[in-house]
Amino acid sequence: MSLMDGFTCLKTYLTPVILFGLVGCQSVAPKPQAAAVNESPASSAVSSTSDISQSAPLNRTFWRVKTLVGRDVSGLIDASVAFVDQRISGRAGCNYFFADYSGQGDQLDIARITTSKKICFSSVMHQEQLLLKMLAEAERFEHDADGSLIIYSRSDSHPLVLKRISRSEMPVLAARH
């Protein structure tokens, strides 16, 4: 084998491994926002403060995904969600995600979801994409009798069900917020 054949072999087989091993970022398309009409800076400051106080029931809470599209996935994927100071973050199964959230009353709006982009088993990636889609299309939430968080999205008839956990149970990257 010549030196040139060795370089060709390395370039052919090592380049894809290096490229697929790198972690990048991917954004989930943001939800369309209604345009504000004649909003002054003062009124947007009040609105922003109102959003913080209204979404306070979620602030500084940590959750593990229990049910996704009507199926119990607690033993299938390690997915968790943290709501801290108008930011939502967590692990979607394989990749970590981050976004802004706001809400009033039981309304929930999650905007600009960004994820790491690791390659994982297709079954985990499929569950992850379902979770990220449900979060990106979240409309409202409620708590059920056992304290679980139920998030309803526009696109799915089955809600996302999350079980409350402690901060120490969150993955390291997600718990940093």
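Structure: above.
Please read all numbers here as calculations on a predicted model, not as lab measurements.

A.B. asks: I keep staring at the overall build of the protein chain and nothing clicks. Help me out?
C.D. replies: The helix and strand tally for the protein chain stands at 4 helices and 10 strands. Mapped from its N terminus to its C terminus, the protein chain presents α and β elements in the order α-β-α-β-β-β-β-β-β-α-β-β-β-α. Every one of the 177 residues in the protein chain was classed for burial, and the buried ones make up 36%. Across the protein chain, every contact between residues at least 6 apart in sequence was considered, and the portion connecting residues at least 24 apart equals 54%. Within the structure as shown, the protein chain displays about 10300 Å² of accessible surface, and the carbon and sulfur contribution to it stands at 59%.

A.B. asks: Honestly, the packing of aromatic side chains in this entry has me stumped. Any pointers?
C.D. replies: Each aromatic ring pair is characterised by the separation of its centres together with the angle its planes make. Going through the model one piece at a time under the given rule, you end up with 1 aromatic pair. Looking at Arg140, its charged tip hangs above the ring of Tyr152, at a distance of 3.9 Å from the centre.

A.B. asks: Help me out: how do you make sense of the environment of Leu160 in this one?
C.D. replies: For Leu160, the position within the fold is in strand β10 (residues 160–165). Overall, the relative accessible area of 0% leaves Leu160 in the buried class. Distance in space between the C-alpha atoms of Leu160 and Val65 is 7.6 Å, their sequence separation being 95 residues. Leu160 has contacts with Val65, Thr67, Leu68, Leu131, Met134, Leu135, Leu149, Ile150 and Ile151, leaving out every residue within four places of it along the chain.

A.B. asks: Honestly, the pairing of strand β8 (residues 138–143) in this entry has me stumped. Any pointers?
C.D. replies: Along any regular strand the residues' side chains alternate between the sheet's two faces. One ladder, built from 5 bridges, connects β8 with strand β9 (residues 149–153); its direction is antiparallel. Across the sheet, the residue bridging to Phe141 is Ile151, located in β9. Between the end of β8 and the start of β9, which pair antiparallel, lie 5 residues, with Gly147 showing a positive phi angle near 90°.

A.B. asks: I'm lost on helix α3 (residues 122–136) in this one. Help?
C.D. replies: For the α-helix, the turn length of 3.6 residues means that residues three or four positions removed from each other point alike. An ideal rise of 1.5 Å per residue puts 21 Å on 15 residues; α3 measures up with 21 Å between its terminal C-alpha atoms. Along α3, the positions that sit buried rather than exposed are Val124, Gln127, Glu128, Leu131, Leu132, Met134, Leu135 and Ala136.

A.B. asks: Would you mind showing me how to read the nonpolar core here?
C.D. replies: Across soluble globular proteins, nonpolar side chains show a tendency to be buried alongside one another. Of all hydrophobic cores here, the largest spans 30 residues; its most connected members are Phe83, Ile88, Leu108, Ile110, Leu135, Ile151 and Leu160. For this core, the element with the highest residue contribution is α3, accounting for 6 residues. With sequence-adjacent residues up to four places away left out, Leu135 is seen in contact with Ile88, Phe97, Ile110, Ile113, Ile151 and Leu160.

A.B. asks: Honestly, the state of the cysteines in this entry has me stumped. Any pointers?
C.D. replies: Two cysteines form a disulfide when their sulfur atoms are joined by a covalent bond. As enumerated under the stated definition, the model contains 1 disulfide in all. Between the sulfur of Cys94 and that of Cys120 lies a disulfide, 1.3 Å long from S to S. Placement of the pair is Cys94 in the loop between β5 (87–92) and β6 (96–102) and Cys120 in the loop between β7 (109–116) and α3, with a sequence separation of 26 residues.

Rules used throughout
Residues numbered from 1 in each chain as written. Predicted model: local features only at pLDDT ≥ 70, side-chain atom pairs only at ≥ 80, totals over all residues. Heavy atoms only, no water. Helix = DSSP H or I, 4+ residues; strand = E, 2+ residues; numbered from the N terminus. Buried < 20%, exposed > 50% of the residue type's maximum accessible area, 1.4 Å probe, protein only. Contact = heavy atoms within 4.5 Å. Areas by Shrake-Rupley, 256 points an atom, 1.4 Å probe, with all protein chains shown as cover. Phe/Tyr/Trp six-rings, centres within 6.5 Å; stacked < 30°, edge-to-face > 60°. Lys NZ or Arg CZ within 6 Å of the ring centre and 35° of its normal. Pairing = 2+ DSSP bridges. Expected span 1.5 Å × (residues − 1). Core = buried A, V, L, I, M, F, W, Y, C linked by side-chain atoms within 4.5 Å. Disulfide = S-S within 2.5 Å.

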